Amino acid sequence: MRVPLSWLREYVDLPTTETGRDVQAKLVAAGLEVETVEQLGAGLTGPLVVGEVLTIEELEGFKKPIRFCTVDVGTANGTGLPQEIVCGARNFAVGDKVVVVLPGAVLPGDFAIAARKTYGKVSHGMICSSDELGMGSDGDGIIVLPPEYEPGTDAIELLELVDEVLDIAVTPDRGYCLSMRGVARETATAYGLPLRDPALLDVPGPNTEGHPVQVADPFGCDRFTARTVSGLNPEARSPVWLRRRLQKAGMRPISLAVDITNYVMLELGQPLHAYDRSRVQGALGVRRAEPGEKLTTLDGVRRTLDPEDLVITDERGVIGLAGVMGGADTEIADAVPDQETGRVTGTTEVVIEAAHFDPIAIARAARRHKLPSEASKRFERGVDPLAAPAAAQRTVDLLVLLAGGTAGAGVTEVISPSAPHTVAMPAGHPAEVAGVAYDRETVVRRLQQVGCDVYGQDDLVVTVPSWRPDLRAPNDLAEEVIRLEGYENLPSTLPKPPAGRGLTGRQRLHRRIGRALAGAGYTEALNYPFISEQVLDQLALAADDPARRVVTLVNPLSDEEPALRTTLLPGLLGALRRNDGRGSHDLALFETGLVFHPSADQAAAGERLPVDHRPTDEQLAAVTAALPVQPRHAAVVLAGAREQAGWWGKGRPADWADAIEAARLIAHESGAELLVRAGQYGPWHPGRCAELAVVVDGEERVVGHAGELHPRVLKTLGLPARTCAMEIDLDAVEAAGTSAVEAPRIATFPVATQDVALVVDAGVPAADVEAVLREGAGELLESVRLFDVFAGEQLGEGRKSLAYALRFRAPDRTLTVEEASAARDAAVALAAERTGAVLRGA
């Protein structure tokens, strides 16, 4: 909302020393978002006057038409003689009144005016267009003024070229500030000054002589006021002051009748529409559109209406889209001179509509037809329903004054009875919300300044004003008291959490895992939890894979991703693809987050929970039952080099072992023992995929997979070659781990290391051999590490050698060679028994 300061002063007697910046500071303190204060006419100096064109000489021999004019500017030039000016515009004639800038003046943009020779003539000044004066371009060229202004009149004051305009970003809950009346009320309250309410007009009561109106949908339209004005002069033009106020407010002048309805809308906040009465057949009506109905709106577009659209009708059918835009069939006709008689024809009789429509219906219609308008913007934010009669009366008065019309005696009002909205609130409620002591007198005074009627002592009953439909609850009223008392007066206090609260064990684990992965060189990449079901096909998941059972959103952010993710890989792989495409080829990304699986006994969502009090345990249980299962997962993806090459040596590309190591790192932080064995699943390469498992409550449970992705998946998703990935169920790993993190024990006795190389069948997993070695070595075994895998002709076909380093240590003594060897032999013997292992070289 653009608010000219000169217009605002008509309703509030601001001190003459107050500038736009001062008013901006006051309104911002009152809670309005005043974004800028535009200085109109900054740097403009005269002389800038009204001139009368005396003669026009057409200059020949130039590429474009040029005119040499003499203009009467009165005594503004100091001589009283006609001013000689060269001008290229064609939209004025001899006898017209124009705006003339004389030598010595400076126009906006630091454009100094001086006498200069051009096109063989000396031009002593310039005839101005609206764009050259900073008024905005209206496309008409030179400004042609009404004939009543005398030559030499100061045009700076006449055209109100010097002013300040406040640009206010009106939030949806303050629709009343989309009017001068609303902003003036806030200004008067901020300064503690009285308000001259422009809506306080003498309005005649309704009678049966007005234009007939039939409202078939009283919910969609609860008030409709119709007035008529006849005998309008079709040649009447909008006066300069009216056009300038519309321009400053950001609207383009069109015609007198339309300009007046726009002016009253800006003044009172009530949208209006004027119909050419000669084009309206029968009674005006308000109803919902019928399927298939069409309407050509004022913008010339033929639109197919929706059954939810509110429309204005007459006997022929639809003539307007209610609250959004009128129809072309009843448009105010422009003045057109008759070629034979010379008489000017045009609209001489109008019907004025001032109605109050359902905000939701108007908002949906404007969005449905992609037709935002100044009217719909106000209706959808809430218009004062009681302002309609005053707005209609104000429009009638201006049409009578400026167009020479006669107000019709008939006044039509169709009203659906409704009681004022009241809110019960304890007098101390604003103080409780703000944490500041507000006495009852302060609360009552501030609410009365808003426009409320307040009754009661300790328990207040507040009648909300008709122009504030956003005040629905005690907290809304408390906010009004707080903002008028000043947000800057609220104390800044830090909340005091109760002792003994902190992160849960689950939260600490997730943070610990994130720090460990970051320390291992991974970068966290957070992604939206939405996927398309097509990406599950791209990941080559089996048709019966549980990950294909997704939870679909009713109102997704994007139609392309309507489901909640069941795996973290799509988001992470998308991030890897984008970064690789932008030149970052060595990548290691990780994410921890929730995935979503519909439960087998998931119930449908029940009733909507209340917001004014805590839901019952039964309501919370019903909501919880409707939620999907949401385990937390961790995933990593890798591509490019894992170790960079340099003067220190050769680099190393990321491979499947790095993905498995990330899973081991997560298990280590959880205190869980991770079982790693060959596997085959969805997007992973069948020969380079590890299945990850843990033991929970005595049962082995698969919790994830790691390794190199399948080349077909890489091609489908556009990923780099040899991309690796790992995903693991963090909740399951946590359940398999120890609740507390044990500090490492510092050994005081030396370690004894024994290496063994076992030859086994190629199909025997190294993890199985390792598990048997741990069991057979007994309590003296501190750790076992696989450090070499070998296969060759000397071992025989289908055989492989696994070399392990066994570390033995006793907590209370130094082990002898015999003790360490005995433990090693026991481990090898059990491995031979369980897996068929044979010592290499034996």
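A few points on the structure. Computed from a predicted structure; not experimentally measured.

The rules we used
- Residues numbered from 1 in each chain as written.
- Predicted model: local features only at pLDDT ≥ 70, side-chain atom pairs only at ≥ 80, totals over all residues.
- Heavy atoms only, no water.
- Helix = DSSP H or I, 4+ residues; strand = E, 2+ residues; numbered from the N terminus.
- Rg over C-alpha atoms; globule rule 2.2 N^0.38 Å.
- Buried < 20%, exposed > 50% of the residue type's maximum accessible area, 1.4 Å probe, protein only.
- Contact = heavy atoms within 4.5 Å.
- Areas by Shrake-Rupley, 256 points an atom, 1.4 Å probe, with all protein chains shown as cover.
- Axes fitted to C-alpha atoms, helices over the stretch in contact; angles between N-to-C directions.
- Parallel < 35°, antiparallel > 145°, perpendicular 65-115°, else oblique.
- Left-handed = near helix turned anticlockwise from the far one by under 90°.
- Nonpolar A, V, L, I, M, F, W, Y, C, P; charged D, E, K, R; others polar.
- Polar contact = N/O pair within 3.5 Å; in protein donor to acceptor, adjacent residues only side chain to side chain.
- Core = buried A, V, L, I, M, F, W, Y, C linked by side-chain atoms within 4.5 Å.
- Pairing = 2+ DSSP bridges.
- Salt bridge = Lys/Arg side-chain N within 4 Å of Asp/Glu carboxyl O.
- Phe/Tyr/Trp six-rings, centres within 6.5 Å; stacked < 30°, edge-to-face > 60°.
- Lys NZ or Arg CZ within 6 Å of the ring centre and 35° of its normal.
- Arc of directions from axis to C-beta.

1. A word on the overall build of the chain
Okay, step 1: Helix and strand counts for the chain come out as 21 helices and 44 strands.
Okay, step 2: Relative to the compact-globule value of 28 Å for 842 residues, the chain shows a C-alpha radius of gyration of 41 Å, a clear excess of over 25%.
Okay, step 3: Expressed along its principal axes, the backbone C-alpha trace of the chain runs to roughly 125 × 80 × 55 Å.
Okay, step 4: By residue count, 46% of the 842 residues in the chain fall in the buried class.
Okay, step 5: Partitioning the intrachain contacts of the chain with sequence separation of at least 6 by distance along the chain shows that 70% fall at a separation of at least 24.
Okay, step 6: Just so you have it, the chain exposes about 42,200 Å², and 51% of that area is on carbon and sulfur atoms.

2. Side note on the packing of helix α5 (residues 240–248) against helix α6 (residues 256–268)
Okay, step 1: One can describe the packing of α5 onto α6 by two numbers: an axis separation of 10 Å at closest approach and a directional angle of 55°. What the angle tells us is that α5 and α6 run oblique. Considering how the two elements wind past one another, α5 and α6 form a crossing that is left-handed. Of α6, the residues touching α5 (which contributes W241, L242, R245 and L246) are L256, D259, I260, N262, Y263 and L266.
Okay, step 2: Split by residue class, the contact of α5 with α6 holds seven nonpolar, one polar and two charged.

3. Examining the side chain of S179
Okay, step 1: Its location among the elements puts S179 in the loop between β13 (163–169) and α4 (180–191).
Okay, step 2: Within the local environment of S179, its side chain forms a polar contact with the backbone nitrogen of G182, the two atoms lying 3.0 Å apart.
Okay, step 3: Apart from the residues within four sequence positions on either side, S179 is in contact with M1, M265, L266, E267, L268 and G269.

4. Notes on the nonpolar core
Okay, step 1: Counting residues in hydrophobic clusters, the biggest one holds 55 residues, and the most contacted among them are V3, L8, V23, L27, I168, V264 and L399.
Okay, step 2: Residues within four places of L27 in sequence aside, it is in contact with L32, V34, L166, I168, V183, E186 and T187.
Okay, step 3: Ranked by size, the runner-up nonpolar core spans 31 residues in total, among them L517, A634, I666 and A732.

5. Brief notes about the side chain of H705
Okay, step 1: Looking at the secondary structure, you find H705 in strand β39 (residues 699–709).
Okay, step 2: Judged by its relative accessible area of 11%, H705 falls in the buried class.
Okay, step 3: With residues near it in sequence (within four places) discarded, H705 still touches Y681, W684, C689, A690, E691, L692, A725, M726 and E727.

6. Remarks on the sheet that holds strand β34 (residues 632–639)
Okay, step 1: Across the sheet, seven strands lie side by side as β30-β33-β34-β40-β39-β38-β37; this open sheet has mixed pairing. Single-partner strands in this sheet number two, and they are β30 (523–524) and β37 (675–678).
Okay, step 2: Along the sheet, helix α13 (residues 505–519) makes contact with β33 (587–594) and β34, crossing β33 at roughly 175°.
Okay, step 3: Together, β34, β37, β38 (684–696), β39 and β40 (724–729) form the strand contacts of helix α17 (residues 656–670), whose direction differs from that of β40 by roughly 25°.

7. Brief notes about the sheet that holds strand β29 (residues 459–463)
Okay, step 1: Reading across the sheet, the three strands line up as β27-β29-β28 and stay open at both edges, with antiparallel pairing between neighbours. Strands with a single pairing partner mark the edges of an open sheet, and in this sheet they are β27 (422–426) and β28 (453–455). Taken over all neighbouring pairs, the strand axes of this sheet differ in orientation by 25° on average, direction set aside.
Okay, step 2: Bridge count for β28 against β29 is three bridges, and the pairing is antiparallel. Residue pairing for β29: V454 is matched across the bridge by V462.
Okay, step 3: With respect to the sheet, helix α11 (residues 440–450) is in contact with β27, β28 and β29, its orientation differing from that of β29 by roughly 5°.
Okay, step 4: Where helix α12 (residues 474–485) meets the sheet, it contacts β27 and β29, and its direction lies at approximately 70° from that of β27.

8. Here we look at the pairing of strand β16 (residues 273–276)
Okay, step 1: Both faces of β16 are covered, namely the face carrying H273 and Y275 and the face carrying A274 and D276.
Okay, step 2: Judged from the four bridges that link them, β16 and strand β25 (residues 350–357) form a sheet pairing that is antiparallel. Opposite A274, over in β25, you have I352 as the bridge partner.

9. Details of the environment of S492
Okay, step 1: Looking at where S492 falls in the secondary structure, it is placed in the loop between α12 and α13.
Okay, step 2: Its relative accessible area of 79% is what places S492 among the exposed residues.
Okay, step 3: Sequence separation between S492 and N233 is 259 residues, and the spatial gap between their C-alpha atoms is 63 Å.

10. Quick word on the pairing of β25
Okay, step 1: Extensive coverage of β25 is indicated by the burial of eight of its eight residues.
Okay, step 2: A two-sided burial pattern is seen for β25, the buried positions comprising V350, I352, A354 and H356 on one face and V351, E353, A355 and F357 on the other.
Okay, step 3: Of the strand pairs in this sheet, strand β15 (residues 221–230) and β25 are connected by eight bridges, and their pairing is antiparallel. What sits directly across from T225, in β25, is A354.

11. Digging into the pattern of salt bridges
Okay, step 1: Summed over all chains, the structure comprises 54 salt bridges.
Okay, step 2: E380 is the partner of R367 in a salt bridge, and the nearest nitrogen-oxygen pair spans 2.9 Å. Linking R367 in helix α7 (residues 359–368) with E380 in the loop between α8 (374–379) and α9 (388–403), this pair joins segments that are 13 residues apart in sequence.
Okay, step 3: The partner of R677 in a salt bridge is E700, and the shortest N-O contact between them spans 2.4 Å. Within this pair, whereas R677 is found in strand β37, its partner E700 is found in strand β39, the two being separated by 23 residues in sequence.
Okay, step 4: Looking at E700, the relative accessible area reads 46%, which means it is partly exposed.
Okay, step 5: Taken together, the salt bridges that share partners define one network made up of R174, E186, R468, D470, E480 and R483.

12. Regarding unusual backbone geometry
Okay, step 1: You will see that D110, though not glycine, has its phi angle at about 60°, which is positive.
Okay, step 2: With respect to the secondary-structure elements, D110 resides in the loop between β7 (106–107) and β8 (111–112).
Okay, step 3: The phi dihedral of R722 falls on the positive side, at around 65°, and the residue is not glycine.
Okay, step 4: Within the fold, R722 resides in the loop between α18 (711–717) and β40.

13. Some points on the packing of aromatic side chains
Okay, step 1: If you walk through the whole model with that rule in mind, you get seven aromatic pairs.
Okay, step 2: Plain terms: the ring middles of Y681 and W684 are 6.2 Å apart, the flat faces sit at 35° to each other, and that makes the pair tilted.
Okay, step 3: When its relative accessible area of 3% is taken as the criterion, W684 is described as buried.
Okay, step 4: Here the aromatic cluster, defined as three or more aromatic residues joined through ring pairs, consists of W7, W241 and Y263.
Okay, step 5: Here R67 stacks its cationic end above the ring of F92, 4.8 Å away from the centre of that ring.
Okay, step 6: The ring of W467 has R185 lying over it, and the distance from NZ or CZ to the ring centre is 3.9 Å.

14. Section: the environment of L284
Okay, step 1: Summarising the element assignment, L284 is placed in strand β17 (residues 284–288).
Okay, step 2: Of the residues examined, L284 reaches a relative accessible area of 1% and is grouped as buried.
Okay, step 3: Taking the C-alpha atoms as reference points, L284 and V351, 67 residues apart in sequence, are found 9.7 Å from one another.
Okay, step 4: Leave out the neighbours within four places in its chain, and L284 touches H211, P212, V213, Q214, F224, Y275, I312, T313, I319 and V351.

15. Looking at the packing of helix α20 (residues 766–777) against helix α21 (residues 817–835)
Okay, step 1: Running from N to C, α20 and α21 cross one another at 135°; their axes reach a closest spacing of 7 Å. Comparing the axis directions of α20 and α21 gives the class oblique. As for how α20 packs across α21, the hand of that crossing is right-handed. Residues V769, V772, L773, E775, G776 and A777 of α20 lie in contact with α21, whose contacting residues are A823, A826, A827, V828, L830, A831, R834 and T835.
Okay, step 2: A breakdown of the residues in the contact of α20 with α21 according to their chemical character gives 10 nonpolar, two polar and two charged.

16. A short note on helix α2 (residues 20–29)
Okay, step 1: Listed as buried for α2 are G20, V23, Q24 and L27. Buried residues along α2 cover an arc of 105° about the axis, so they all sit on one side.
Okay, step 2: Buried positions along α2 lie against α1 (5–8), β2 (33–40), β13 and α4.
Okay, step 3: Downstream of α2 by a residue or two, G31 has a phi angle that is positive, lying close to 105°.

Purely geometric stuff here, so don't read any function into it on its own.
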